[in-house]
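So the chains spell out like this:
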Amino acid sequence: MDNGEVIPGMDEGWTFAGARVMEWGSGFVLAIMVQELFFSTPAKTMPLFLAILVGTTFGLAGLRKVFPDEERGVANYFMVQLGICPPGIPAPADIQPLWSGLPMQALDAKKEFVQLGLLEVFPHGADEEDGEDSSSYHEHLAH
């Protein structure tokens, strides 16, 4: 199809019931581990085995679907929770050492950026967007 049409789902990998092979494999491995560690006969624990298999598989698939970038989003989330910088994403800057999509409201007057007077060179803030004089904003930062 060279006419520019995009076929939805063309790049997606193989799934069975909405879960990928790795998710099915993870569920299978967890079910076997639980069965081997805590139970003696597989015949008696087959319903539990199947519940762990299906529950883990669809739990991982559901978690993956929560993030727009799927597996990478899950990995990044857990790496940030563990305090590890995710690969391919720069570490947070010293000016804002938080992982946040929200802009800072004001710069700390103790920061080198403010002490060097770079706010005059690179103005920012709500006052700049409205076209008002930013001197009140800079005076606020000085206090």
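Residues numbered from 1 in each chain as written. Predicted model: local features only at pLDDT ≥ 70, side-chain atom pairs only at ≥ 80, totals over all residues. Heavy atoms only, no water.

A. Structural context of the nonpolar core. In this structure, Ala19, Trp24, Ala31, Val34, Phe49, Ile52, Leu53 and Ala61 together form the largest nonpolar core, which totals eight residues. Among the elements that line this core, the one with the most residues is helix α2 (residues 46–66), at four residues. Beyond its immediate chain neighbours, meaning those up to four positions away, Phe49 contacts Phe28, Ala31, Ile32 and Gln35. (Core = buried A, V, L, I, M, F, W, Y, C linked by side-chain atoms within 4.5 Å. Buried < 20%, exposed > 50% of the residue type's maximum accessible area, 1.4 Å probe, protein only. Helix = DSSP H or I, 4+ residues; strand = E, 2+ residues; numbered from the N terminus. Contact = heavy atoms within 4.5 Å.)

B. Seen up close, α2. Between its terminal C-alpha atoms α2 stretches 30 Å, which fits the 30 Å expected from 21 residues at 1.5 Å a residue. The set of residues buried in α2 consists of Phe49, Ile52, Leu53, Thr56, Thr57, Ala61 and Arg64. Along α2, the residues classed as buried sweep out an arc of 145° about the axis, all on the same side. Turned more than 90 degrees from where α2 packs its buried face, Pro47, Lys65 and Val66 sit exposed. Buried positions along α2 lie against β2 (19–20), α1 (21–38) and α3 (71–81). (Expected span 1.5 Å × (residues − 1). Arc of directions from axis to C-beta.)

C. Just the pattern of salt bridges, in detail. According to the stated counting rule, one finds four salt bridges in the structure shown. One salt bridge in this structure joins Arg20 and Glu71, with 2.4 Å as the shortest N-O distance. Remark: Glu71 occurs in helix α3 and Arg20 occurs in strand β2; sequence separation between them is 51 residues. Using a relative accessible area of 17% as the deciding quantity, one classes Arg20 as buried. Among the ionic pairs, Arg64 bridges to Glu23, the shortest N-O distance being 2.6 Å. Of this pair, Arg64 sits in helix α2 while Glu23 sits in helix α1, and the two are 41 residues apart along the sequence. Accessibility expressed as a relative area gives 5% for Arg64, which makes it buried. (Salt bridge = Lys/Arg side-chain N within 4 Å of Asp/Glu carboxyl O.)

D. The arrangement of the packing of α1 against α2 in detail. One can describe the packing of α1 onto α2 by two numbers: an axis separation of 8 Å at closest approach and a directional angle of 145°. For the pair α1 and α2, the sense of crossing is right-handed. Contacts between α1 and α2 involve Glu23, Trp24, Ser26, Gly27, Phe28, Leu30, Ala31, Ile32, Val34 and Gln35 from the first element and Phe49, Ile52, Leu53, Thr56, Thr57, Phe58, Leu60, Ala61 and Arg64 from the second. Classifying every residue of the contact of α1 with α2 gives twelve nonpolar, five polar and two charged. (Axes fitted to C-alpha atoms, helices over the stretch in contact; angles between N-to-C directions. Left-handed = near helix turned anticlockwise from the far one by under 90°. Nonpolar A, V, L, I, M, F, W, Y, C, P; charged D, E, K, R; others polar.)

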